[in-house]
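If you want the building blocks of each chain, they are given just below.
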Amino acid sequence: MRDTNERAVQAMREFLEALGIDLAARGMEKTPERVAKMYASLFDGLGHDTKSLWGELFHTGADGLVAVRHIPFYSMCEHHLVPFFGEVNVVYLPNQGQVAGFGKFVKLVECLAHQPQLQERLTAQIAHAIANDLGARGVMTVVTAQQLCMTMRDSRAHGTQTVTSECTGVFASDRDLCQQAWSLLEGAGRYDSNA
């Protein structure tokens with residue numbers, strides 16, 4: 001974990017005190033340090049170039065679609081800095097059989113989720129990173145999540161899920177290939193937070 005950012009610690013101390021919290025009286029003396037460290041970890045994807053995440057690419061000679069399903073993630077909504085979390089599902093059509101290791105998709109999702117985010121943007125960023133970084137001929141990304149801003153704030157919409165998708169390349173222009181991609185993800189939109 002990163003070293004404590006003293007500026008963030010001081011800002012958190014001032015923020016909590018501005019809300020009327022007496023840090024000494026409540027036994028929360030170390031809370032500003034803990035929160036600063038936590039947010040440093042939650043936002044450690046900022047400023048990273050996704051192209052460096054992939055490592056060695058492999059030439060398989062295969063022409064078929066590749067799906068990576070049920071990649072868990074958590075992120076922080078940029079509007080209220082509360083979590084949203086769920087799973088990412090990806091289908092891509094490699095360019096001339098060039099593929100990445102499956103674990104690299106988890107690293108990509110983590111990198112892009114670890115910053116203040118919106119689900120719609122995260123979905124698009126994942127799809128476009130795979131298209132650009134791997135040269136994929138087409139990418140479909142589907143993200144299913146629960147937004148705590150919907151359950152903790154005014155609407156109290158417990159159990160509500162949000163689903164976003166993004167298609168690039170041949171999946172945006174070829175209806176049959178797009179349908180094949182959706183078939184690989186059949187059921188991927190039914191995220192169960194209790195599973």
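Now for a quick tour of the structure.

We now examine the overall build of the chain. Secondary structure assignment for the chain yields seven helices and seven strands. Ordering the α and β elements of the chain from the N terminus gives α-α-β-β-β-β-α-β-α-β-α-β-α-α. Its C-alpha atoms put the chain at 65 × 35 × 25 Å along the principal axes. The buried share among the 195 residues of the chain stands at 43%. For the chain, restricting intrachain contacts to residue pairs at least 6 apart in sequence, the fraction spanning at least 24 positions comes to 71%. Summing over all exposed atoms, the chain offers an accessible surface of approximately 10,800 Å²; the carbon and sulfur share of this is 51%. Charged side chains of the chain number 17 positive and 22 negative; the gap between the two group centres comes to 2 Å.

Time to look at the packing of helix H3 (residues 102-113) against helix H4 (residues 119-134). The geometry of H3 relative to H4 is characterised by a closest axis approach of 10 Å and an angle of 130° between their N-to-C directions. Accordingly, the angle class assigned to the pair H3 and H4 is oblique. Two packed elements cross with a definite hand, and for H3 against H4 that hand is right-handed. The residues of H4 that touch H3, namely those facing Phe-105, Leu-108, Val-109, Leu-112 and Ala-113, are Leu-122, Gln-125, Ile-126, Ala-129, Ile-130 and Leu-134. Considered class by class, the residues forming the contact of H3 with H4 number 10 nonpolar, one polar and no charged.

This part takes up the side chain of Gln-147. Tracing the backbone shows Gln-147 in strand S6 (residues 138-147). The exposure class of Gln-147 is buried, given its relative accessible area of 11%. There is a polar contact of 2.7 Å between the side chain of Gln-147 and the side chain of Gln-119. Apart from the residues lying within four places of it in its own chain, the contact partners of Gln-147 are Pro-83, Phe-84, Gln-119 and Thr-162.

With 10 of 10 residues buried, S6 lies mostly within the body of the structure. Of the pairings in the sheet, the one linking strand S3 (residues 83-93) to S6 comprises 10 bridges and is antiparallel in character. Bridge assignment links Val-88 to a residue of S6, and that residue is Val-143. Summarising the sheet, S6 and strand S7 (residues 162-169) pair through eight bridges and their orientation is antiparallel. Within S7, the residue paired with Val-142 across the bridge is Ser-165.

The subject of this paragraph is the sheet that holds S6. Reading across the sheet, the five strands line up as S5-S2-S3-S6-S7 and stay open at both edges, with mixed pairing between neighbours. The outermost strands of the open sheet, each flanked by one partner alone, are strand S5 (116-117) and S7. Packed on one face of the sheet, H3 meets strand S2 (66-77), S3 and S5 and runs near 20° to S2.

With that out of the way, let us pick up the packing of helix H1 (residues 6-18) against helix H2 (residues 31-42). Following both chains from N to C, one finds H1 and H2 inclined at 125°, their axes separated by 8 Å at the closest point. When the interaxial angle is binned, H1 and H2 end up oblique. The two elements H1 and H2 cross, and the hand of that crossing is right-handed. Between H1 and H2, the residues in contact are Ala-8, Val-9, Met-12, Arg-13 and Leu-16 and Thr-31, Pro-32, Glu-33, Val-35 and Ala-36, respectively. Along the lines of polarity and charge, the residues of the contact of H1 with H2 split into seven nonpolar, one polar and two charged.

Parameters and conventions
- Residues numbered from 1 in each chain as written.
- Predicted model: local features only at pLDDT ≥ 70, side-chain atom pairs only at ≥ 80, totals over all residues.
- Heavy atoms only, no water.
- Helix = DSSP H or I, 4+ residues; strand = E, 2+ residues; numbered from the N terminus.
- Buried < 20%, exposed > 50% of the residue type's maximum accessible area, 1.4 Å probe, protein only.
- Contact = heavy atoms within 4.5 Å.
- Areas by Shrake-Rupley, 256 points an atom, 1.4 Å probe, with all protein chains shown as cover.
- Lys, Arg positive; Asp, Glu negative; His and termini not counted.
- Charge placed at Lys NZ, Arg CZ, Asp CG, Glu CD.
- Axes fitted to C-alpha atoms, helices over the stretch in contact; angles between N-to-C directions.
- Parallel < 35°, antiparallel > 145°, perpendicular 65-115°, else oblique.
- Left-handed = near helix turned anticlockwise from the far one by under 90°.
- Nonpolar A, V, L, I, M, F, W, Y, C, P; charged D, E, K, R; others polar.
- Polar contact = N/O pair within 3.5 Å; in protein donor to acceptor, adjacent residues only side chain to side chain.
- Pairing = 2+ DSSP bridges.

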